[in-house]
Structure formats: C-alpha cells, structure tokens
Amino acid sequence: MVSAGLEILGLGLCVIGSLLVMVACGLPMWKVTAFIEANIVVAQTIWDGLWMSCVVQSTGQMQCKVHDSVLALGHDLQAARALTVISCVFGVLGLMVVIAGAQCTNCIRAENVKTRVVNAGGVVYIISGLFVLVPLCWMANNIISDFYNPQVPPSQKREIGAALYIGWAATALLLIGGALLCCSCPSNENSGYTAKYSPTKRATPNGTGDYDKRNYV
C-alpha cells in the first residue's frame, strides 16, 4: 500500500509538472519590459516568448506576432525552444512508462519487472525536469546580465517573465515526483506468506484412523 501511494503521489506531481512545462512553453511572457528610469510611464508593454512576441497597449489591446525565422532568434531562445519541446516529449513518454508498470494496471504481470518499469519512468521524469531547467536558468542569467549591463539601452532591458517562474515550479514538481517514483519497491504482500499443511492421517484396519487414543474417553 505504501509503494502504491508513492506511485500515485509521484505520478500526480509529474503530470502536473509536465502540464506546467507545456503552459510555460506556450506563454509569451519569458521576457517582459523592464520599467526603469524614465520608462515607468509607458504606453505599451512588450512580451517576448519562445514562439511569438506580443505588445500590450495601455488601452488593453494586445497584438502578437509569431517569430518569422528561427535563425534570427538568439541562442538562448533557440536552445529554449528545443529543450522545452524535448522536455514535453519526455513528460508524455514518462507517463506511458509509469502507467505500464503501475501496480494498479495489468500491463505487466511480474512484480519485479513492474517496479523496474516504474523506476525507469521516474528517471525519465527527472531527465525531463533537467531538460527544462537548463533553458530557464540560461534565459534568467542572460536577462539579469543585460539588465545590469550599462551598455544595453534602457529600452532594450527586460525582466524575468511569469513563464520562467512557472517553469521553475514545474521543474521542482518533476524532480520531486521522479524521485518518488524511483523509490517505488515491489509489493511484499505475498512474499512472507508460506502455506502450512497438516499431515495426512493414515487409516488403520479398524477404521478409527491414526489418532491418539487419549483423545477418546
């Protein structure tokens, strides 16, 4: 029961983490306009994402444009695109592997094999978390470096967007959930049970059986 509970908890955390990775991948708020110096009062806010850039007017209107060329993007955005998509693929793959080896399914009969499959699914989820962690930290480092770089104009400076925080939360869930799945062990419900049989009674010629006569009065 404890192992099944760990599997359910770990799988739940990993599924939520994978969904958050997909949300962070689609959101355009990886980089947002930094309101510094004379930029406190502005008529528009700029969002830069992996797939598009959006401009939000002070009136509430928003216009988005998909990135026309992949090669025109920075190295951090190109790497973030690839690694985030790979993380999403690993999340779906890990879900299939864990479900195949879960104790609540009958895809695999042998308990030892089921445990190894679940552990492998946990490793897949941990790798998925690491894949999404790399572009998040890379992007955050570039944003902070440009923010404190005096050679970068204030109008081009950006701040960390909401998508990065969502991605970090997803990474934590994937790593914790994957570790719980790796701690799964085979069920011990039948391992300590031994069948005990009473010896067969031999019948005697008089038909009374081979019983102790002291039991009779």
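Keep in mind it's a predicted model, so treat the numbers as computed, not measured. (Residues numbered from 1 in each chain as written. Predicted model: local features only at pLDDT ≥ 70, side-chain atom pairs only at ≥ 80, totals over all residues. Heavy atoms only, no water.)

A. Broad picture of the packing of helix H3 (residues 111-147) against helix H4 (residues 162-182). At a closest axis distance of 8 Å, the pairing of H3 and H4 adopts a crossing angle of 155°. For the element pair H3 / H4, the angle class is roughly antiparallel. Where H3 crosses over H4, the two elements pack in a sense that is left-handed. A per-class count over the contact of H3 with H4 returns 20 nonpolar, seven polar and no charged. (Axes fitted to C-alpha atoms, helices over the stretch in contact; angles between N-to-C directions. Helix = DSSP H or I, 4+ residues; strand = E, 2+ residues; numbered from the N terminus. Parallel < 35°, antiparallel > 145°, perpendicular 65-115°, else oblique. Left-handed = near helix turned anticlockwise from the far one by under 90°. Nonpolar A, V, L, I, M, F, W, Y, C, P; charged D, E, K, R; others polar.)

B. Representation of the pairing of strand S4 (residues 62-66). Burial analysis of S4 places just zero of its five residues in the buried class, which makes it a mostly uncovered element. Taking the residues between adjacent antiparallel strands as the criterion, strand S3 (residues 52-57) and S4 are bridged by four residues, where Gly60 takes a positive phi near 100°. (Buried < 20%, exposed > 50% of the residue type's maximum accessible area, 1.4 Å probe, protein only. Pairing = 2+ DSSP bridges.)

C. Looking closely at the confidence of the model for the protein chain. For the protein chain, per-residue confidence averages 81 on the pLDDT scale, and residues scoring 70 or more make up 80% of the total. Strand S2 (residues 44-48) is the least confidently modelled element of the protein chain, averaging 83 in pLDDT, while H4 averages 94, the highest of any element. Contacts from residues 189-195, a stretch scored under 50 in pLDDT, to residues over four places away or in other chains number zero contacts. (pLDDT = per-residue confidence, 0-100. Contact = heavy atoms within 4.5 Å.)

D. Expanded view of the packing of helix H2 (residues 75-101) against H3. Where H2 meets H3, the axes come as close as 8 Å, and the angle between the chain directions of the two elements is 165°. Taken together, H2 and H3 sit at an angle that is classed as roughly antiparallel. The handedness of the crossing between H2 and H3 comes out as left-handed. Taken together, the residues that form the contact of H2 with H3 break down as 21 nonpolar, ten polar and two charged.

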